[in-house]
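Reading the structure
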Amino acid sequence: MGKTIAIYPGSFDPVTRGHMDIIERASKTVDHLIVGVLVNSAKSPLFTVEERVALLKQVTAQYPNVEIRSFEGLLVDFARASGAHILIRGLRAVTDFEYELQMSQTNQKLDPNIETMFLTTSIEYSYLSSTTVREIAAFGGDLTQFVPEAVALELEKKMNTKGECNK
């Protein structure tokens, strides 16, 4: 049997300690993990795709089997092109499950060879979302318990330059 390649897709705007928890755990279960940073033209992200990829590369440098790549279009097409047969999705709460179940069933219809694996977020990060982190950053709150240090620094810079900091 060949190498197990999985994709953990998301916006990662910004990457949180919850995302890092999933990346670390997923990297232990597969041979190669591709963190796929979604280019979503419908959303106006705080960080550009290039910035998100660079931050993820920085905070995942200690995982030799983790690769960071951006993608647009259908996740199953990206998975197929990457040689991946597993999609990793993190679940924080029951509300996530309903949406994620629909997505996994849709992906299964689009490509029956691709499986979705759900990892439940560690309890200490179950409440955490990028939206919450952006909100805390906008009001100048301490981000160190929510995001890696490098991300906290970049968030602070971003909020100050964008004039969105309400300190």
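In this text the structure is predicted, and so the values were computed from the model without any measurement.

Thoughts on helix α3 (residues 75–82)
An α-helical segment advances 3.6 residues per turn. Residues three or four places apart therefore align on the same side. Taken residue by residue, α3 has Leu75, Val76, Phe78, Ala79 and Ser82 as its buried positions. Along α3, the residues classed as buried sweep out an arc of 160 degrees about the axis, all on the same side. Buried residues along α3 sit in contact with β1 (5–10), β2 (32–38), β3 (66–71), β4 (86–91) and α4 (94–110).

What about the packing of aromatic side chains?
Under the defined criterion, the tally for this structure stands at four aromatic pairs. Seen in terms of ring centroids, tyrosine 8 and phenylalanine 12 are 5.3 Å apart; in terms of plane orientation they differ by 75 degrees. Their pairing is edge-to-face. Taking the relative accessible area as the measure of exposure, tyrosine 8 reaches 5% and is therefore buried. Ring centres of phenylalanine 71 and phenylalanine 78 lie 4.4 Å apart, and the angle between their planes is 10 degrees; on these two criteria the pair is classed as stacked. Among the residues examined, phenylalanine 71 registers a relative accessible area of 6% and is labelled buried.

Each value, and the rule that gives it
Residues numbered from 1 in each chain as written. Predicted model: local features only at pLDDT ≥ 70, side-chain atom pairs only at ≥ 80, totals over all residues. Heavy atoms only, no water. Buried < 20%, exposed > 50% of the residue type's maximum accessible area, 1.4 Å probe, protein only. Helix = DSSP H or I, 4+ residues; strand = E, 2+ residues; numbered from the N terminus. Arc of directions from axis to C-beta. Contact = heavy atoms within 4.5 Å. Phe/Tyr/Trp six-rings, centres within 6.5 Å; stacked < 30°, edge-to-face > 60°.

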